[in-house]
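Structural characterization, general
Each chain, written out:
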Amino acid sequence: MTQYDPVCGMEIEPQSAFAKREHMEQTFYFCSQSCVDQFDADPHRYMMTSATTGFNPQMTLTRIELPVSGLPLREHSTHLESTLRALDGVSEVKVNATANRLEVQYDAGKVDVSKLVGAVKSIGFQIGGANVKIGIENLRCASCVKFIEDELKSTQGVLSATVNIATQEATVDYLPQNTTLSQLNAAIETWGYKPRPATSDAPVDKQEEAHAKEYRKLMNKFWFAAAISVFVMITAYYQVVPVLRDWNMDSLRYLWGVTVLLTLPVMFWSGSDFFNGAWAAFKHRSANMNTLIALGTGAAWLYSTFAIMFPSVFPEGTSEPFYDVVAVVIALVVLGQALELRAKGQSSSAIKKLLGLQAKTARVIRDGKEMDLPVEEVLVGDVIQVRPGEKVPVDGVIVEGSSAVDESMLTGESLPASKKMGDEVIGATINKTGAFKFRTTKVGKDTALAQIVKMVQDAQNSKAPIARLADIISGYFVPIVMILAVWTFVIWFVIGPQPQFVYALVTSVTVLIIACPCALGLATPMSLMVGIGKGAEHGILIRSGEALQTARGIQIVVLDKTGTITKGKPELTDVVLSEQSSVDSDQLLRLAASVEKVSEHPLAQAIVEAAQAQKLEIAEVKDFEAIPGHGVSAKVEYKNILIGNLKLMNREKIALGSLEEQSKSLADDGKTPMFIALDGKAAGIIAVADTVKEDSAEAIKALQSLGIEVVMITGDNRRTAEAIARKVGVNKVLAEVLPEDKSNEVKKLQSTIVNRKSKIANVVAMVGDGINDAPALAQADVGLAIGTGADVAIEASDITLIKGSLKGVVTAIEVSRATMKNIYQNLVGAFFYNVLGIPVAMGLLFPFFGLLLSPMIAGAAMAFSSVTVVGNANRLRGFKPKFSVK
Amino acid sequence: MNTLQIFVILSGIVLTILIAWYFWFAPKAQTRVAVSASGAQEVAITVKGGYTPDVIVVQKGRPVRLTFTRQESVACSEQVLFPDFNKSSPLPEGEPTTIEFTPEKSGEFGFQCQMGMLRGKLIVE
């Protein structure tokens, strides 16, 4: 029977073993002297680890708590309990569905954790343990895999463990409250292996790594091609090279023979991507940049080789090769690609910045114990402790403590937001002052940050309508260039000067090489990527390239009043006392707040909050009665108090005096006045109103200065609406609009003709809070939703302003205008480059100025035209909105 | 005009016609996707200098599951975009990456790499 060396884990036959030892009634076999020595030094150590369970045999009953996800159904819980009880050795099972915890008491001698876990999983539940990958250095012997696995499994708290010899990594599911990473590492060390951080877990951006690798590869290819180019150039311009110019044609031909061989690896290694790509494209009946480069350099190489092998076929003086074209063009284009790759990496920096915001670990409290877990392992429902200065790892709701949280990275809001029990916290924000605990509600790809990142990525890769034209052009571009190259050859051959063949070939090769479909194809996507990323940095999520393009031409901005211009929540604005009032204004507010505390009316909330803000003590209320359509009556501190509208006062026959006049002027200002009477006498008025956000007026002014017409839309009465409009400087008000008619109003604005002569529809943007405004947001050319990062109402909109400020609308338009300008620059540049470059390459200037482009210049121009496009797009990274959201 | 020149002109005409025919007018092979047991239309696409297969015919209203495997390190093809469906995905070299969506409209929708060098077409019927 095969045995295992307990020290190194090697598989050995007992009869061929190097040595044998008896220890505690067990026999051990060894492969070598060093293993025996190690065993003899501490035989008990190998005994310990050979046990199947790591539990103390004296303690027969073990209690374990397993976090189980998806426990809400009672009938399933009983099913789970009975399944576990059926296992031999399980003595007690408790299911705590609200905490998602399962408590099991079991005999460690009869059943182990992995069996319990298996049973739970077999009926469809998931065990929410932590999962970790640990790298193992120099893991070579396949048999050790099993030993390490067993060792890990027998460590207390480990649910399952697998070791992969190919990746040299152990993957362990464990209960973080029962074991720690260092215990797992110790288990690996007992087998003489050194644990290291897993490479597949290393927080390196995969794409970045791939780019770095590709960049190195391209640079190697470039340096090789460049070195060969130098040699090839010397042989090509032999007339000016001191020693070579004295050589005769035959010796030169031998030298060129060497360049034939040298340029081959340049073509098929340095330029392999062009030839492979060209062939793959050809098979797909398509052609791209690779086709052009491959054709150009291939034709040059074939001609040159033919010319030096059969010089007699060509007229005198035309049999000279141009391998220099082959080597130099490939070197330059490869260099261009490498530079382009480097520049591209910078373009996507916005996403990297966003991802970098993510916290790496979370301090989770499970089973009363605090433990640091990688953020990927945090479960929904976990309670997490956050100390001052730490990052909030995931999204959740505060259950204990309070603090100020800096949310500027997600919302652009520079003032820390104060958070108390019951308030939402967003992952990646920074806790400033206090410590708090929160219960997680969203983890992993559901967190606000993850969704923002995904949205930004999708938008960066979407298409602006303007790119469609470039797309159509590039679909026909390459074959057209090929046809142009053919006719360049034909024309030079038929009517060109001597030597016709050389001129014809050089010009057609130049045409193939100078044409750059890449610059055209890259123009839009590169700028979009930078522009949309730039928006995200300022708290503006642009959903697609189309939205970005449309936003540039916005002529009318429709602003929803409630929640967009205003805070969307009523606040106390005025306390007015009557002449005969027996109380002062604080007293009046205190009494009113005491009554309203009992009321459920939304306006009541504003009064209570105002009283609390002024630290007024709320009194006890008796005989509270709500009078529908009128107000409320109650008894506070032996006073009969009435709060309500004019109807209530008239019904109770209370003389109002000048109060009635004052209430009218308050209503004219868009406020809602409420009369208060104490013991049958008018005491005063308390007015509440939905107040305007601090920076709304400023933002509206900025929009108007951009030449945009601002319209306010609201369901409120005209008087209130106009009061608000006056305050913020909006001239056009659409009031008393039913929610379902909002989209119709937007439609009407879209069809209003600005200019009598041209019948171009208006580009209308609608700004709303996303929920009841959804149809209007969808109807508008650009729908901007004002919300927070956690809000899912983002869906209906084209652009989301994470921070609830109207200034975001201005910034969004600025970002859009800057990006579109950049795209135009790129497209126009790329277009003119080709439109001018190709005719010059064809030799159009030759009859007039005797000017011909060298294929090498063409190669350089082509390589750097696409680098220029990416570089210009990167200029956008320096974009700063003139009117930024502070 | 000598015979050689006439020959070159004629060759030019023939080449022009060949290029135009090959790249624009010749019918392309289409790959029809079968519906799998799970009800999704699954197809595996290799990315190497192009998409193989590159013209994919699917049915309307059924989920489409496209699994791309990139077998090259050239940075051009590192991302695949479906602009009409607002979908995109990075394609790490050698790792099968699945894109799933349900086409609700019939028509021809292009997919491509970021700069449009590699192109394919999804025909929804």
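Residues numbered from 1 in each chain as written. Chains lettered and ligands numbered in written order. Predicted model: local features only at pLDDT ≥ 70, side-chain atom pairs only at ≥ 80, totals over all residues. Heavy atoms only, no water.

Re the overall build of chain B
For chain B, the count of helices and strands is 1 helix and 10 strands. Mapped in sequence order, the helices and strands of chain B form the string α-β-β-β-β-β-β-β-β-β-β. Here the C-alpha radius of gyration of chain B, 19 Å, is well above what a compact globule of 125 residues would show, namely 14 Å. A principal-axis box enclosing the C-alpha atoms of chain B has dimensions of 70 × 35 × 25 Å. Burial status across chain B gives 49% buried among its 125 residues. Put simply, 54% of the contacts in chain B that link residues at least 6 apart link residues at least 24 apart. As displayed, chain B offers around 6,100 Å² of accessible surface, 58% of which is attributable to carbon and sulfur atoms. Charged side chains in chain B number 11 positive and 11 negative. The centres of these two groups are separated by 5 Å. (Helix = DSSP H or I, 4+ residues; strand = E, 2+ residues; numbered from the N terminus. Rg over C-alpha atoms; globule rule 2.2 N^0.38 Å. Buried < 20%, exposed > 50% of the residue type's maximum accessible area, 1.4 Å probe, protein only. Contact = heavy atoms within 4.5 Å. Areas by Shrake-Rupley, 256 points an atom, 1.4 Å probe, with all protein chains shown as cover. Lys, Arg positive; Asp, Glu negative; His and termini not counted. Charge placed at Lys NZ, Arg CZ, Asp CG, Glu CD.)

Some details on the sheet that holds strand β15 (residues 383–386) of chain A
Reading across the sheet, the 6 strands line up as β14-β13-β15-β21-β16-β19 (chain A) and stay open at both edges, with antiparallel pairing between neighbours. Of all strands in the sheet, those bounded by a partner on one side alone are β14 (369–374) and β19 (424–425) of chain A. (Pairing = 2+ DSSP bridges.)

Some words on the packing of aromatic side chains
What the rule picks out here adds up to 28 aromatic pairs over all chains. Note on Y303 of chain A and F501 of chain A: the rings are 5.4 Å apart at their centroids and 35° apart in plane angle, and the pair reads as tilted. Note that Y303 of chain A is positioned in helix α10 (residues 289–309) and F501 of chain A in helix α16 (residues 500–514), a separation of 198 residues in sequence. A relative accessible area of 28% places F501 of chain A in the partly exposed class. Measuring from ring centre to ring centre gives 6.3 Å for F493 of chain A and F501 of chain A, while their planes differ by 85°; the resulting arrangement is edge-to-face. Judged by its relative accessible area of 8%, F493 of chain A falls in the buried class. When the ring centre of W21 of chain B is taken as reference, the NZ or CZ atom of R285 of chain A above it lies at 5.3 Å. Sitting over the ring of Y215 of chain A, R342 of chain A keeps its end group 4.1 Å from the ring centre. (Phe/Tyr/Trp six-rings, centres within 6.5 Å; stacked < 30°, edge-to-face > 60°. Lys NZ or Arg CZ within 6 Å of the ring centre and 35° of its normal.)

A short note on the packing of helix α15 (residues 465–495) of chain A against α16 of chain A
All names here are of chain A. Running from N to C, α15 and α16 cross one another at 160°; their axes reach a closest spacing of 8 Å. By the angle between their directions, the pair α15 and α16 is classed as roughly antiparallel. In this structure, α15 meets α16 at a crossing whose hand is right-handed. Contacts between α15 and α16 involve V481, M482, L484, A485, T488, F489, W492 and F493 from the former and Q500, F501, Y503, A504, L505, T507, S508, V511 and L512 from the latter. Counted by class, the contact of α15 with α16 contains 13 nonpolar, 4 polar and no charged residues. (Axes fitted to C-alpha atoms, helices over the stretch in contact; angles between N-to-C directions. Parallel < 35°, antiparallel > 145°, perpendicular 65-115°, else oblique. Left-handed = near helix turned anticlockwise from the far one by under 90°. Nonpolar A, V, L, I, M, F, W, Y, C, P; charged D, E, K, R; others polar.)

Here's the deal with the interface of chain A and chain B
With 50 residues of chain A at the contact, the number on the chain B side is 41 residues. With both chains or domains summed, chain A and chain B bury close to 3,800 Å², and 58% of this area falls on carbon and sulfur atoms. Summed over the three residues of chain A that lose the most area to chain B, namely H284, R285 and N461 of chain A, the buried surface amounts to 21% of that side. Taken together, the connections running from chain A to chain B amount to 0 salt bridges. With 15 residues, α15 of chain A is the single largest residue contributor to the side of chain A that touches chain B. A breakdown of the residues in the side of chain A that touches chain B according to their chemical character gives 21 nonpolar, 15 polar and 14 charged. (Buried area = accessible area lost by both parts, 1.4 Å probe. Salt bridge = Lys/Arg side-chain N within 4 Å of Asp/Glu carboxyl O.)

Let's talk about the nonpolar core
Burial of nonpolar side chains together is a common tendency in soluble globular proteins. Of all hydrophobic cores here, the largest spans 176 residues; its most connected members are I799 of chain A together with F68 of chain B. F68 of chain B has contacts with I45, V47, Y51, V80, F82, L91, E95, P96, T97, I99 and F111 of chain B, leaving out every residue within four places of it along the chain. (Core = buried A, V, L, I, M, F, W, Y, C linked by side-chain atoms within 4.5 Å.)

Section: the sheet that holds strand β3 (residues 51–52) of chain B
The pairing of strands in a sheet happens through backbone hydrogen bonds and is either parallel or antiparallel. All names here are of chain B. Ordered by their spatial adjacency, 4 strands build an open sheet running β3-β2-β5-β8, and the pairing between neighbours is mixed. For this open sheet the edge positions go to β3 and β8 (97–101), each flanked by a neighbour on one side alone. Across 5 bridges, the pairing between strand β5 (residues 64–70) and β8 is antiparallel. Across the sheet, the residue bridging to F68 is T97, located in β8.

Observations concerning the confidence of the model for chain B
Residues and elements named next belong to chain B. Overall, the prediction assigns chain B a mean pLDDT of 86, with 100% of residues at 70 or greater. Across chain B, the element-wise mean pLDDT spans from 80 in strand β7 (residues 87–90) up to 91 in helix α1 (residues 3–25). As scored by the predictor, the complex reaches a pTM of 0.70 and an ipTM of 0.86. (pLDDT = per-residue confidence, 0-100.)

Let's talk about the environment of P416 of chain A
Residue and element names in this part refer to chain A. Here P416 shows up in the loop between α13 (408–411) and β18 (417–419). With a relative accessible area of 41%, P416 lands in the partly exposed category. With 11 residues separating them along the chain, P416 and V405 place their C-alpha atoms 5.0 Å apart. Once you skip the residues sitting within four places of it in the chain, P416 turns out to touch A404, V405, D406 and K432.

A look at the pattern of salt bridges
All names here are of chain A. Enumeration according to the criterion identifies 25 salt bridges over all chains in this entry. When the shortest N-O distance is used, the salt bridge between K217 and E214 registers 3.9 Å. Of this pair, K217 and E214 both sit in helix α7 (residues 206–236), 3 residues apart, which is roughly one turn of the helix. Across the salt bridge formed by E571 and K567, the nearest N and O atoms sit 3.5 Å from each other. Overall, the relative accessible area of 32% leaves E571 in the partly exposed class. Among the residues examined, K567 registers a relative accessible area of 34% and is labelled partly exposed. Taken together, the shared-partner salt bridges in this structure form one network comprising R363, E370, D372, R387 and E390.

What about the side chain of S403 of chain A?
All names here are of chain A. Structurally, S403 is set in strand β17 (residues 403–406). Looking at S403, the relative accessible area reads 8%, which means it is buried. Reaching out from S403, the side chain makes a polar contact with the backbone nitrogen of G434 at a distance of 2.9 Å. Aside from chain neighbours lying at most four places away, what touches S403 is A417, S418, K419, N431, K432, T433, G434 and F436. (Polar contact = N/O pair within 3.5 Å; in protein donor to acceptor, adjacent residues only side chain to side chain.)

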